Amino acid sequence: MSEVQHIGAAKTAFDLEELVTHYHKQLREEAYAYLERRGIHQETAEHYRIGFEPGKFGFYMNSDKLGDFFENRIIIPITNADGGTVDLVGRSVDQREPKYKLLLGEGDYLFNEPILEQTEDVIVCGGVFDVLSLAQAHLPAVCVPIWMSFKEIHADKLRDKRVFICLGNDEAGRRESVRIQALLQSTAKQTFIMQLPESIRDVNDFFVRVQNPLDSFMGLLNETMEETMLLPIASDTKNITIYTEEFMKRYRGQASGVPTGFDALDEALFGGLRSGLYLLAGAASSGKTMLMKQMADHIALNQTPVVYVSWDMTGFELWARSIARLIGTEPQNVLSGKIEPRQVAEANKRYAPISNMLWTIECSLDSTIDRVMTNIERIAGMSGRTPVVFIDHINRIPAGGLPNPPRSSAEHQTIIAYMLKHWSKEWGGPVVAAVPSDIGEERLPEGAEASADVIMRLKPEPDGTSANGIRSSLQLLKHRNGTLATIPLRFYDQQARFAEE
């Protein structure tokens, strides 16, 4: 997790206010041209102290510079309720990904948070440019700095307020609107979900393209309230469009899951991993870590962020398994230093695009689950997308830091499984967790089974060892929304990889 640690070091080495001043002074023609295309006025840029970084300024451990972290990005300060700068978010002005990057990943704040002290009504938007557009129209608005990172701590900031949710005009925006509304049920006075006209992408697009945008937007606000008042208890009508869109994607075979690299498994899971908790059980030395690392590498190679959390192996041991698979040798040969450095160097070149989207968190007995989840949320903020999370393994997660100390190992597994399920539901991402259990002779606790959306068992076949690898099966023992299945696998131990038979 070196990237996170380097950025954390920047937090202590730099005065954020000095950074804001530095970037603000660098606003220049190309930055103003981009802001103008987004409908943002110079007065707004001055008020929010918007900046720009055309070159390389940042933090290197030995040179007091920030590198190219914000290169070619508009930079917007994130402030707390008192107006103090707590983070910086950069938006690329070209086509580079991710579009948004947070410097420190301080995900507990809202952009434009000081406005909450001045209003009882507030609009929750999808992005910082939406908020800036509304601010220019003198309408109070906030957003989370990074898309899809709204959580309970943000909902608490909106306590007793009337909240209008107006996100992107697409499937993802509609889903996220419903999720945010659910989080606000116990805190907000009232919540309303606004629908933008069909051809409009988001609030910023609305204010750029619509004639008389303020009057038109106020009309949408009033229409939303009137429609909601006619339905004092909201029905499922608001969800029909979302559900139908998801059905049509599945009908057309447009899978929205994250492919694992195993076609038969992806087919059984309707396209791959989705939001939910996946438990991978298996006896000791059955290959759970090898299988999860292979999946993690495949997902990262396809440019989906992955966080691999290990209380079991070191980062070096996990890296060695990936390098061994790329070389086509046993991990022991890499771990013992018996491979030619030239081969390792070549494998590292192939591993580079994987490592760019892969974060390994090497844990100890002091690494509580809450601390790990906080780090994962920061990684999500930096990558701009919810990562696929692999946990290896839940029995080693320390009991310290849990809400209530577990009285048994079964209760420990149940509490951890529930926490992982809750995190997956809140963030909308898959969590795959290894469980050292043979299931059958040693069943999972009932509470842990209930939290899981999918339970898989990796089982080597009796007498399945041959010169052509080890026959295994990946059995789906629970599939909340699908049928059970068995996927035959073969582990080629001298190549450090699983393959479907």
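Bear in mind the structure is a predicted one, so any value in this text is a computation, not a measurement. (Residues numbered from 1 in each chain as written. Predicted model: local features only at pLDDT ≥ 70, side-chain atom pairs only at ≥ 80, totals over all residues. Heavy atoms only, no water.)

(A) Looking closely at the confidence of the model for the chain. Here the chain averages 86 in pLDDT, and 90% of its residues register 70 or above. When the elements of the chain are averaged for pLDDT, helix 1 (residues 2-13) gives the smallest value, 38, and strand 6 (residues 141-142) the largest, 98. Low pLDDT, under 50, characterises residues 57-65; the predicted model gives this stretch 26 contacts beyond four residues in sequence or across chains. (pLDDT = per-residue confidence, 0-100. Helix = DSSP H or I, 4+ residues; strand = E, 2+ residues; numbered from the N terminus. Contact = heavy atoms within 4.5 Å.)

(B) Region of the structure containing the side chain of E113. Here E113 shows up in the loop between strand 4 (100-102) and strand 5 (121-125). Separated by 3.1 Å, the side chains of E113 and K157 make a polar contact. (Polar contact = N/O pair within 3.5 Å; in protein donor to acceptor, adjacent residues only side chain to side chain.)

(C) Structural detail: the packing of helix 12 (residues 288-301) against helix 15 (residues 341-355). Two numbers describe how helix 12 lies on helix 15: the axes approach to 7 Å, and their chain directions differ by 75°. With respect to their mutual orientation, helix 12 and helix 15 come out roughly perpendicular. Packed against helix 12, whose contacting residues are K293, D297, A300 and L301, the element helix 15 presents Y351, P353 and I354 at the interface. Tallied by class, residues from the contact of helix 12 with helix 15 come to 5 nonpolar, no polar and 2 charged. (Axes fitted to C-alpha atoms, helices over the stretch in contact; angles between N-to-C directions. Parallel < 35°, antiparallel > 145°, perpendicular 65-115°, else oblique. Nonpolar A, V, L, I, M, F, W, Y, C, P; charged D, E, K, R; others polar.)

(D) Highlighting helix 13 (residues 315-327). Here helix 13 contains 13 residues, and its C-alpha end-to-end distance of 18 Å stays within 8% of the 18 Å for a straight helix at 1.5 Å per residue. For helix 13, the set of buried residues is L318, A320, R321, S322, I323, A324, R325 and L326. (Expected span 1.5 Å × (residues − 1). Buried < 20%, exposed > 50% of the residue type's maximum accessible area, 1.4 Å probe, protein only.)

(E) Region of interest: the pattern of salt bridges. According to the stated counting rule, one finds 17 salt bridges in the structure shown. Of the charged contacts in the structure, one is a salt bridge between E17 and R49, with a shortest N-O distance of 2.8 Å. Here E17 is found in helix 2 (residues 16-25), whereas its partner R49 is found in the loop between helix 4 (42-47) and strand 1 (51-53), with 32 residues between them in sequence. Measuring nitrogen to oxygen at the nearest pair gives 3.2 Å for the salt bridge that ties E411 to R407. Shared partners join several salt bridges into a network, and the residues in it are D108, K151 and E377. (Salt bridge = Lys/Arg side-chain N within 4 Å of Asp/Glu carboxyl O.)

(F) Layout of the packing of aromatic side chains. Counted under the stated rule, the structure contains 11 aromatic pairs. Pairing Y34 with F129 gives two aromatic rings, centres 5.9 Å apart and planes at 75°, and the pair type is edge-to-face. You can see Y34 sitting in helix 3 (residues 29-37) and its partner F129 sitting in helix 5 (residues 128-136), a full 95 residues away along the chain. Like Y34, the residue F129 is buried in the burial classification. One aromatic cluster is present, built from ring pairs that chain together Y23, F69 and F70. (Phe/Tyr/Trp six-rings, centres within 6.5 Å; stacked < 30°, edge-to-face > 60°.)

(G) Here's a closer look at the sheet that holds strand 8 (residues 190-193). Taken in spatial order, the 4 strands make up an open sheet running 6-5-7-8, and their pairing is parallel. Taken across any chain shown, the strands that pair with only one partner, and hence form the sheet edges, are strand 6 and strand 8. Relative to strand 7 (residues 162-166), strand 5 runs parallel, the two sharing 5 bridges. Paired with V124 across the bridge in strand 7 is I165. Packed on one face of the sheet, helix 5 meets strand 5 and strand 6 and runs near 145° to strand 5. (Pairing = 2+ DSSP bridges.)

(H) Focus on the environment of R396. Within the secondary structure, R396 is located in the loop between strand 12 (388-392) and helix 17 (409-427). Look at R396 and you get partly exposed, because its relative accessible area is 43%. For the pair R396 and S364, spaced 32 residues apart in sequence, the C-alpha separation works out to 9.1 Å. Residue contacts for R396: discarding those within four places in its chain leaves W311 and D312. Among the polar contacts made by the side chain of R396, one reaches the side chain of D312 at a distance of 2.7 Å.

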